[in-house]
Every structure is written in C-alpha cells, then in structure tokens.
Amino acid sequence: MTFLLKIRNLSTQYGKIRALDGISMHIWEGEIVSLIGANGAGKSTFLNSISGVVDISSGNISFNGQDISRKRPEEIVSLGISQVPEGRQIFDSFSVIDNIMLGAYLRRKRGEKKEIATDLEEVFTIFPILEERKKQSAGTLSGGEQQMLAIARGLMARPKLLMLDEPSLGLAPKIASEIMNVIKRLKERNLTILLVEQNARAALKISDRGYVFETGNVLLQGRGEDLLVDGDVKRAYLGRDYKEFWE
Amino acid sequence: MTFVDQLLQFILSGITQGSIYAIVALGFTIIYNSTEIINFAQGEFVMLGAMFMLTLNITLGLPLPVAFILSVIAVMIIGVLIDIIVISPIKKPTQLSLIIITIGASIFVKGVAMFVWKKDYHAATPFSGEVPISIGPAAITPQALWVIGITGTVLIFLHIFFEYTNTGKGMRACAINPRAASLLGIKVKRMVLISFGLAGALGAIAGIIIAPITFANYNMGLMLGLKGFCGAVIGGLGSVPGAIVGGFALGILESLGAGLISSAYKDAIAFVVLLLVLFMKPTGILGKSESKRV
C-alpha cells in the first residue's frame, strides 16, 4: 500500500486568522478517512486547501508522490482530486445532466468522449434516480437527490480521491444513511474517500480511520471503530447515543 | 398614412433600434454574470466598433466583410486588454471599485478616440444601398434589415454558445457559483477574460451595424451604452433573455414615444421607463427575485 495523500505541517490563514495550524495527516490508497470536529475546527478550510481554492501559508501536500501544495484548482482536479463541496453547490438552473457533465469539464476539453460516456453510464448505475430525472432542472430535486447529484458531478472528473464535505448536512436521517451507504459502495469501486462530517457517528462507522480536528489542529487520530468508543471523542463530538438522546 | 400604418412604421424602427439596445444589453449582461461588474465601458466598445469600421472600410478601403471582421476582432482584443490591464490585477476587488474602474476605462478610451478620430461626425456606408423596402404601408431601409438580421444571427450564435458548448456552460456555471465552478476545474479568471472579449465583440457589432444609420463620432458610446444598460436593467440584470426583451421593449417604446408624443423626449423615455420598472419591479421583467441572488 502507498500513500495517496500525505500532508505535512499544513497551515492556512485568512488574513490574520489562522484557520489551520500545522496539520499533518495521510491517506492510504483505498481508504475511507473521516475528519470530524465542531464547526469552525477548520475541516472545510482543510479540504479547500487541498483543492487549491484557498492559498496555503506553509506546509506541504503531496498527492500520489507529487507535490501539489501550490498548484491551481484545475490542475488538482486533473490530477485526480475531486471535492464535493458543503451545501452541494449544484447549479440550480441547469438540468441534472448538464450538472453531471460539468463535472467532466476538463476532460471534455481534452476530448475524452468515450471515457466520459462510460463514466456517465457508471454514474447512472450508482444513482439510477438521476438518470430518471436527467432532463429536470437540478433545483427541483429533493435534498438527498441534490447530494447524489453533487457526488455524481464529482465522480465525473474520474478522481482517485473523492473529498466529501458534509454530505449528510440537512438531510433526513434515512436519506443521510442512504448517502453513507453510497459512500461505502464507492469504496468498493477502488475510490479513496476523505469524508468531512458533523455526524461523527455515521461517518466513523463507515471509515477505516478518522481524524478529530479542533481549532485548526489534529486532536486525535485512530481507527474508525476505536474513535467511536473513545471516551473523549464520545463526550465532545458524539453526544449521547441517539437512543439515549431521544428517550 | 393612417394611424395603424404609422404605428407599424414606428414599431419597425423601434425593432431596429431595439436590436442595437439588445446587443449592448447583452454585453452588460455577460460581464455582469461572470463578474457582477456593471461595465460602463460597454458603450465605448460600440463606439470603437463603429470607428474601426469607418477607418478600415472608408479610409483604408478594405472590403466591407473584411473590415467588419477586423473591427470586431480589434474591439474584442481591447475588451480583453481592459480585463488584463485594469480589472484582473485588482487584489481585493469590490463591486464598487470595479465599476468605478470601468468608468475610468471608458473615459480613457473615449479620450483616445477623440484624439484619433477628432470630434467630427462620420457617415458610414450602408451595407447594401439606401433604397427603402416597403413592407405593406411602412418602409424599412436595407440597413435596418441588416441590423435586425445580424442581431438575430448574433442571438442564435450566443444561444448555441451558452447552451450547447462546454465553454459556454462553464461560463454560466461560473456566473451562478464561481466557487463550485473552480472546484470542477473551471478557470474563473479565464472565463472573465472571455466574457470581456465577448462583450467587446458584441459592442463592436452593434456599433458597426448602427453607424450607417446614426452617424458615428467619439461620443456616440455614451448614449448607446446607457440605453443598453437601461435595456439590461429593464429586462432584469443578469438575465440573457431579459436583456433581449428589455432591449427590444426599450427600442419600441422609445420609437412609439418619439413618434406619438414628441421626438424631443426620445432619450427621456428610456430613462422614464427605467425608473418605472425600478419602482414597480426592481428585479426587471425577467429578473429573478432578489432573495435568490446570494
């Protein structure tokens, strides 16, 4: 096994505010790794730093053995990192199929027609509902379908690493667990996944490993199931069991 | 001429004038969509198109189609240069500072144009003679037909570009959500550059086709630019169909007002219509409601 992503001492600043303060982490090929932590812990900033849409102030990001720390977003997408941003960020007024195809924007520029058609079929087998609704405008989809659309769009770039930012945000529990199942199935397709979630329990359940972020630092790291039962993590991020909570 | 005949005549000339407004309005819309800037240099693109055409076609004697294409390319380049030189170097752009910069660019371009072409009014040659063609009881000049025809072609071309090409869709995606677009690998800055080039080309086309009807001088861009802006706002700033509807509506209303009330009020009508629309439906005829633009 080799490192797909290796990050050393990454710091990112917004003006004078230090959002990430020397983060180091790694992802093995074929893993699901989740980042958990409270609001403002720097999880989204971390993803945006990897994607190149936020400039990093120091540190080093290497992907597949290549330094990508100062690369531009389009180069990073080309190299095989796709981010499905928080809040889905689909293009409401576009049709479903147009949204999906925009995921392959760079590949269409390169003229990979056949490969794109194959990938489109594959995306439709993962999300049959999107094929049914492909002519509909994306804004008319339900929240869960929009999330699926955002993931489908991310997949169309044919990434090696798919980064998902809060995919279950604002979804009913049943739909959220459906999304988690999809993520688990993506792993079976040899995709490596970096998952950012508020819903720590659900995320850790499907993860091989996890990192707990707090105010721009890595507080804890470990195997998914270990973090699930870790006392500190439980107290700080998992709350009580849903069952206990509702009763 | 009966009243109905007159009306038909006014509407015909309104459509001609409206075509120009619609193209100029589209120039505003394209740049606004990709940058949220209201590009007040849009009118200067129109003027430059007309002036280049005059120089190339009349002074240098190049054949009309060649002069047409060269003028459009020249103004397209100027549009791109404006983005490269004054817009994109801004480190922390705010909407207001960018708008003021476009006003500055417009004054600069106009100043240079005044030096180069002096303050005289120049007459451009109509594309195919001046014998009016009658349509029932009304008459239309061949140049007006050119205006309408070229505008139609431009609209179809733009429609295909934005609806069916990868780049066009990418540009629209940038307009809707630049952050999401850049995560897909769309270069937002490149799209802004293209939008300036496209706006330059559109302005130039408007200037070239209107010059034989209205005379051209260094100052013609001001009024055409403002009217185009009115058209864009009336239709709903940021909406492509809105710009077209707004431009044509403005042209027709203006022509009806000038004919039925008094031609002295021609320019005032545009701004009265603008004010009325802003009072009654501030987002324009086809504009999305404010709350949707976040």
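Described in the following lines is the structure provided in the data block. (Residues numbered from 1 in each chain as written. Chains lettered and ligands numbered in written order. Predicted model: local features only at pLDDT ≥ 70, side-chain atom pairs only at ≥ 80, totals over all residues. Heavy atoms only, no water.)

Notes on the overall build of chain A
Along chain A, the regular secondary structure elements total 12 helices and 10 strands. Its C-alpha atoms give chain A a radius of gyration of 18 Å, near enough to 18 Å, the size a compact globule of 247 residues would have. Across its three principal axes, chain A shows a C-alpha extent of roughly 50 × 50 × 40 Å. Counting across all 247 residues of chain A, residues that qualify as buried make up 53%. Contacts in chain A between residues far apart in sequence, at least 24 positions, make up 67% of those at least 6 positions apart. Entry remark: accessible area of chain A is about 11400 Å², with carbon and sulfur atoms responsible for 49%. Each charge sign in chain A was given a centre, from 34 positive and 32 negative side chains, and these centres are 3 Å apart. (Helix = DSSP H or I, 4+ residues; strand = E, 2+ residues; numbered from the N terminus. Rg over C-alpha atoms; globule rule 2.2 N^0.38 Å. Buried < 20%, exposed > 50% of the residue type's maximum accessible area, 1.4 Å probe, protein only. Contact = heavy atoms within 4.5 Å. Areas by Shrake-Rupley, 256 points an atom, 1.4 Å probe, with all protein chains shown as cover. Lys, Arg positive; Asp, Glu negative; His and termini not counted. Charge placed at Lys NZ, Arg CZ, Asp CG, Glu CD.)

Re the pairing of strand β4 (residues 58–63) of chain A
All names here are of chain A. For strand β1 (residues 3–14) and β4, the ladder comprises five bridges, and the chain directions are antiparallel. Considered in β4, the bridge of Leu5 is made with Phe63. In terms of strand pairing, β4 meets strand β5 (residues 66–67) through two bridges, oriented antiparallel. Residue pairing in the sheet places Ser62 in a bridge with Asp67 of β5. Connecting β4 to the antiparallel partner β5 that follows it, the hairpin turn spans two residues, and Asn64 within it adopts a positive phi of roughly 55°. (Pairing = 2+ DSSP bridges.)

Here we look at unusual backbone geometry
Residue and element names in this part refer to chain A. Residues other than glycine seldom take positive phi values, yet Gln89 does so here, at roughly 50°. Residue position: Gln89 is located in the loop between β6 (81–84) and α3 (96–102). Among the residues examined, Gln89 registers a relative accessible area of 21% and is labelled partly exposed. One non-glycine residue with positive phi stands out, namely Thr215, at about 35°. Looking at where Thr215 falls in the secondary structure, it is placed in the loop between β9 (209–214) and β10 (217–223).

A word on the pattern of salt bridges
Inspection of the entire model under this criterion finds 18 salt bridges over all chains. Across the salt bridge formed by Glu145(A) and Arg133(A), the nearest N and O atoms sit 2.9 Å from each other. Linking Glu145(A) in helix α7 (residues 143–155) with Arg133(A) in the loop between α6 (128–132) and α7, this pair joins segments that are 12 residues apart in sequence. For Glu145(A), a relative accessible area of 13% corresponds to the buried category. Judged by its relative accessible area of 25%, Arg133(A) falls in the partly exposed class. With its nearest N and O atoms 3.7 Å apart, the salt bridge here joins Arg172(B) to Glu163(B). The exposure class of Glu163(B) is partly exposed, given its relative accessible area of 31%. Sharing partners across several salt bridges, the network here consists of Arg107(A), Arg110(A), Glu112(A), Asp119(A) and Arg158(A). (Salt bridge = Lys/Arg side-chain N within 4 Å of Asp/Glu carboxyl O.)

Scope: geometric values only; no functional claims are made or implied.
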